[in-house]
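Fold and contact review
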Amino acid sequence: MNVADSRRLASELEKMGYEPTITPNDADVIVLNTCVVRQSAENKAIGRLSSLRPLKTKNPDLVISLMGCLIGVRGNSRIQERFPWVDVVSPPSDPGPLLQYLGERLAREKSQAQTDQLNALLDGELVLPREEQGRLVSAYIPIVYGCSHACTYCIIPSKRGIEHSRPYAEVLAEAQSLARQGVKEITLLGQIVDRYGLDLPEKRTLAGLLYDLDKIDGLKRIRFLTSHPNWMTNTLLDAVAKLPRVCPHIEVPIQAGDDAVLEAMRRGYTVQAYRDLVNKIRDRIPGASIATDIIVGFPGETDEQFQETYDLLNELRMDVAHLARYSPREGTYSARKLEDNVPAAEKMHRFRLLEELQEGISAEINARYQGQTVSVLFETFSRGRWRGRTPTNKLVFVENDQDLLGQERDVQINWTGPWSMIGTLVE
Ligand code: SAM
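What follows concerns the sheet that holds strand S3 (residues 88-90). Read from one edge of the open sheet, three strands run S1-S2-S3, paired in parallel fashion. The strands lining the two open edges of the sheet, one partner per strand, are strand S1 (29-34) and S3. Here the average twist between neighbouring strands, direction ignored, is 20 degrees. As defined by bridge partners, strand S2 (residues 63-68) adjoins S3 across three bridges and the pair is classed as parallel. Bridge pairing in S3 places Met67 opposite Ser90. The sheet contacts of helix H1 (residues 2-15) involve S1 and S2, and relative to S1 the element is tilted by about 160 degrees. The sheet contacts of helix H5 (residues 96-109) involve S1, S2 and S3, and relative to S3 the element is tilted by about 145 degrees.

Below, the structure written as structure tokens:
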């Protein structure tokens, strides 16, 4: 979501006449777009913010802007008091305050006609930053902002605000515009992306949106993340199975493999319901890959409860598991009411056990690709190798001198590991 927000901001800044620089030392404007989902992310943002102070001291005209969840939709006066060298703050997904601040500065130097022209440009479509035009293969499109689910551990609802879907026509227009600018793959984003449209007056659905996006000329692949198990309808799964450009890859977090922990997290489903969903996905979308998220060391998680999670992951054999150690986040229900009583060393131990298990599972699943021919969309080239992904989101490297950027080509896989594969082009 932050990558998408940053790209939109970069697009708007370019419309105002700014250009990217390689180092912060050369910048007139520095924007730090922040995440606070775990304490480690927040610490990183604070560290980076502190490191910018000398630049501001050296150049008082430099504009330093803080954006994202460190500010949140309700603002954060403590942060502004602690870091007085920050000139302007913007909430997540909202470049408005920074653009207004810069606009006012520019307006002092420009005529009214130039200012009006600029405002008209800023209200328009998402024009990719110049260095990405014709080069960006895969782009994100936020379709649901905020979240209203309120899992007990999660800070996102309080930072990104209540759930609201972007208007249907706006999403379609953005996808069409990105396709015209050379983008081949779009990923639709939302904290609970499968709830898309339920809050819109005309009651749209993600499945309906996928049908319309699938018709856009130039787009080769469509993905979406992250889904909540309770909102994955049969209609949505059938759309994924049926539509040629929608990739058979589902990101659907379980978070824990024990019903009592799931309840304490207020996730709203049981382990059996999740198991049934995984079986249904595999049934309706043959060959689908599935990724999940798991938090270890939630308050009160016992050895036995952790073992349930371990056994479930072992049983379900997901393609990918994004693992996290529980981190109490200020203001959340779990931070206020539940004791963070699993010691840090134990959280790490559980994390490592799952990591090791998943490494084996991913290696085993990927090994099935050995000798197979798969379709790969190439995204970047670095150190003599092209990097791309299969429709099932497997990372593939191919050594080749041709310009393969943005091409979808058949590749024969001749090496597989848990995190990536290597292959050769089928000419
Ligand atoms: N909205 C999605 C969902 O949970 O259904 C995922 C979005 S969240 C940005 C990404 C992941 O961060 C979550 O799935 C969860 O595993 C992890 N996460 C969120 N809050 C956390 C916390 N307090 N401690 C540790 N991990 C956390």
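Moving on, we come to the sheet that holds strand S4 (residues 138-142). Read across the open sheet, the three strands follow the order S4-S7-S8; overall the sheet is parallel. Pairing within the sheet leaves two strands with one partner each, and these edge strands are S4 and strand S8 (221-225). On average, each strand axis in the sheet is tilted by 25 degrees relative to the strand beside it, whichever way the strands run. Pairing between strand S7 (residues 185-189) and S8: five bridges, direction parallel. Residue pairing in the sheet places Glu185 in a bridge with Arg221 of S8. Along the sheet, helix H8 (residues 168-180) makes contact with S4 and S7, crossing S4 at roughly 165 degrees.

The next subject is the site of the ligand. If you check the shell around the ligand, you find 15 residues, and the closest are Tyr153, Gln191, Gln255, Asp293 and Ser327. When its residues are assigned to classes, the shell around the ligand shows seven nonpolar, three polar and five charged.

What follows deals with helix H9 (residues 206-213). Taken together, the buried positions of H9 are Leu206, Ala207, Leu209, Leu210 and Leu213. Mapping the buried residues of H9 onto a view down its axis gives an arc of 160 degrees, with all of them on the same face. On the buried face of H9, the contacting elements are H8, S7, S8 and helix H10 (234-242).

Applying the stated criterion across every chain yields a total of seven aromatic pairs. Centroid distance Phe83 to Trp85: 5.4 Å. Interplanar angle 90 degrees. Geometry classified as edge-to-face. Assessed through its relative accessible area of 11%, Trp85 is described here as buried. Here Phe378 and Trp386 contribute two aromatic rings whose centre-to-centre distance is 6.4 Å and whose plane-to-plane angle is 70 degrees, an arrangement assigned as edge-to-face. Like Trp386, Phe378 is buried.

A few words now on the nonpolar core. Core analysis: the biggest nonpolar cluster contains 70 residues, and Leu188, Leu210 and Phe224 have the highest contact counts within it. No other element matches H8, which puts six residues into this core. Counting 21 residues, the second-largest nonpolar core is a separate cluster that includes Ala27, Ile30, Leu49 and Val89.

Before going further, it helps to spend a moment on the packing of helix H12 (residues 271-284) against helix H13 (residues 303-316). Following both chains from N to C, one finds H12 and H13 inclined at 15 degrees, their axes separated by 12 Å at the closest point. Taken together, H12 and H13 sit at an angle that is classed as roughly parallel. Crossing handedness for the pair H12 and H13: right-handed. Contact residues: Val271, Tyr274, Arg275, Val278 and Arg282 in H12; Leu312, Glu315 and Leu316 in H13.

Packed helix pairs are specified by the crossing angle of their axes together with the interaxial distance, meaning the distance between the axes. The contact between H1 and H5 brings their axes to 11 Å, and the two run at 15 degrees. It follows that H1 is roughly parallel to H5 by the angle criterion. Here H1 runs over H5; the crossing is right-handed. Between H1 and H5, the residues in contact are Leu9, Glu12 and Leu13 and Leu98, Leu99 and Leu102, respectively. A breakdown of the residues in the contact of H1 with H5 according to their chemical character gives five nonpolar, no polar and one charged.

So, on to the pairing of strand S15 (residues 408-416). Pairing of strand S12 (residues 373-382) with S15 involves five bridges; the strand directions are antiparallel. Looking across to S15, one finds that Val376 is bridged to Arg409. Taken together, the five bridges between S15 and strand S16 (residues 421-425) define a ladder with antiparallel strand orientation. Bridge pairing in S16 places Val411 opposite Leu425. What sits between the antiparallel neighbours S15 and S16 is a turn of four residues.

On the surface, Asp259, Glu263, Glu304, Glu308 and Asp311 cluster together to form a negatively charged patch. Among the secondary structure elements, those contributing two or more residues to the negative patch are helix H11 (259-265) and H13. With three residues, the top contributor of residues to the negative patch is H13. One can find Glu308 in helix H13.

Quick notes on the rules
- Residues numbered from 1 in each chain as written.
- Predicted model: local features only at pLDDT ≥ 70, side-chain atom pairs only at ≥ 80, totals over all residues.
- Heavy atoms only, no water.
- Pairing = 2+ DSSP bridges.
- Helix = DSSP H or I, 4+ residues; strand = E, 2+ residues; numbered from the N terminus.
- Axes fitted to C-alpha atoms, helices over the stretch in contact; angles between N-to-C directions.
- Contact = heavy atoms within 4.5 Å.
- Near = heavy atom within 4 Å.
- Nonpolar A, V, L, I, M, F, W, Y, C, P; charged D, E, K, R; others polar.
- Buried < 20%, exposed > 50% of the residue type's maximum accessible area, 1.4 Å probe, protein only.
- Arc of directions from axis to C-beta.
- Phe/Tyr/Trp six-rings, centres within 6.5 Å; stacked < 30°, edge-to-face > 60°.
- Core = buried A, V, L, I, M, F, W, Y, C linked by side-chain atoms within 4.5 Å.
- Parallel < 35°, antiparallel > 145°, perpendicular 65-115°, else oblique.
- Left-handed = near helix turned anticlockwise from the far one by under 90°.
- Patch = residues over 30% accessible without salt bridge, like charges linked within 9 Å, V, L, I, M, F, W, Y side chains within 5 Å.
- Areas by Shrake-Rupley, 256 points an atom, 1.4 Å probe, with all protein chains shown as cover.
- Salt bridge = Lys/Arg side-chain N within 4 Å of Asp/Glu carboxyl O.
- Lys, Arg positive; Asp, Glu negative; His and termini not counted.
- Charge placed at Lys NZ, Arg CZ, Asp CG, Glu CD.

Honestly, it's all geometry; don't read function into it.
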